[in-house]
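Examination of the molecular architecture
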Amino acid sequence: MSTPKVIVTIAPTGGMAYKSQNPNLPTQPQEIADDVYDCYNAGASIVALHARNPDDGATCNPDIYYDINNRIRAKCDIILNNSTGGGIHGEMIGQNENGMWELLWEERIKGMEAGAEMCTLDATTIIASFDNKEILMNTAPSRCRFLADEMKKRGIKPEWEVFSPTHILQDTTTLLAMGADEEPAYVNLVMGVHRGFQNAMPYSPKNLQFMVECLPAGTIFGASGIGPAQLPCAINSLLLGGHVRVGLEDNLYYSQGRLATNVELTERIVRLIREMGYEPATPQQARQILNLPRPGAPVKPKFAL
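Only a predicted model underlies this, so the values are computations on that prediction, with no experimental measurement involved.

**Re the overall build of the chain**
Of the regular secondary structure elements, the chain holds nine helices and 19 strands. Computed over its C-alpha atoms, the radius of gyration of the chain comes to 17 Å, within 12% of the 19 Å expected for a compact globule of 305 residues. The 305 residues of the chain split such that 58% are buried. Across the chain, every contact between residues at least 6 apart in sequence was considered, and the portion connecting residues at least 24 apart equals 73%. Put simply, the chain shows about 12,200 Å² of open surface, and 52% of that area lies on carbon and sulfur atoms. Considering the chain, the positive charge centre built from 26 side chains and the negative charge centre built from 34 side chains are found 4 Å apart.

Below, the structure is given as structure tokens:
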């Protein structure tokens, strides 16, 4: 029997934390590329990328994404996954006339323009609490459909980002039933961010299992535990037959009081995957699992293999 293969996603940067919180956080194109290459060598097969401006503020500027993608592809064949969520500071947010802060839609959609094989599709509406602001992330049904349609036109495989059962049972399931993605859809179950994101689920084994049970047929899943939930959530995902995500986007610490690096978070989860009798998937094996490049797409993304 062949050894089961596990997709390891490294999320090196994110759109929230600053270097002041962990100096190991890579934010500029070359340091992101170098860090990702080390994680690739440690066993990662997908990289979930967030771009930053030179001042470290969050952005979905396609030129910066393209620069990051190009530097990484020059080093390795890891699957590139650009965010259309962006982040909750920098040029990603703006204040409305009524005083409400919002994650800017016109900035978010720029994340699709840099030729990545995959992009995150947040079929969710949430409110993020950060830096004494309450920030609306408005992904209304029409916006969900727009993201799905535009990714399909570009040959981009969505990574469906969900934070609660309703995001699966309502938004994601509806779009999949409308043909917004081919099997297998890949769903990232984000757990444990409930203190910062309204409408998000806390992590527990029971909660994660319920989320998995809500998934429509023909989907595969990975799990992202936030903060101290990262390690137990990853192990729990493996036990449920899923894939895993680690990285400083989700967790700045290796253990209580000790700051982490992306490489050591990757190395630890790969050790545990092997101890459990599995093997980390290579990027090419991950492409086979995910059915990449996207079948029937009118174009092939710039960085697809």
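**Description of empty space enclosed by the protein**
Evaluation of the coordinates by the stated rule reveals one cavity of 30 Å³ or more. Approximately 40 Å³ is the volume attributed to the largest cavity. Every residue lining the largest cavity is listed: Q230, L231, V246, L265, R268 and I269. With three residues, helix α8 (residues 262–275) is the largest single contributor of residues to the lining of the largest cavity. Across the lining of the largest cavity, the residue classes tally to four nonpolar, one polar and one charged.

Criteria and thresholds
- Residues numbered from 1 in each chain as written.
- Predicted model: local features only at pLDDT ≥ 70, side-chain atom pairs only at ≥ 80, totals over all residues.
- Heavy atoms only, no water.
- Helix = DSSP H or I, 4+ residues; strand = E, 2+ residues; numbered from the N terminus.
- Rg over C-alpha atoms; globule rule 2.2 N^0.38 Å.
- Buried < 20%, exposed > 50% of the residue type's maximum accessible area, 1.4 Å probe, protein only.
- Contact = heavy atoms within 4.5 Å.
- Areas by Shrake-Rupley, 256 points an atom, 1.4 Å probe, with all protein chains shown as cover.
- Lys, Arg positive; Asp, Glu negative; His and termini not counted.
- Charge placed at Lys NZ, Arg CZ, Asp CG, Glu CD.
- 1 Å grid on protein atoms, 1.4 Å probe; cavity = no way out; pocket = protein on both sides within 12 Å on 5 of 7 lines; lining within 4 Å.
- Points joined across faces, edges and corners; volume = space filled by probe spheres on them.
- Nonpolar A, V, L, I, M, F, W, Y, C, P; charged D, E, K, R; others polar.

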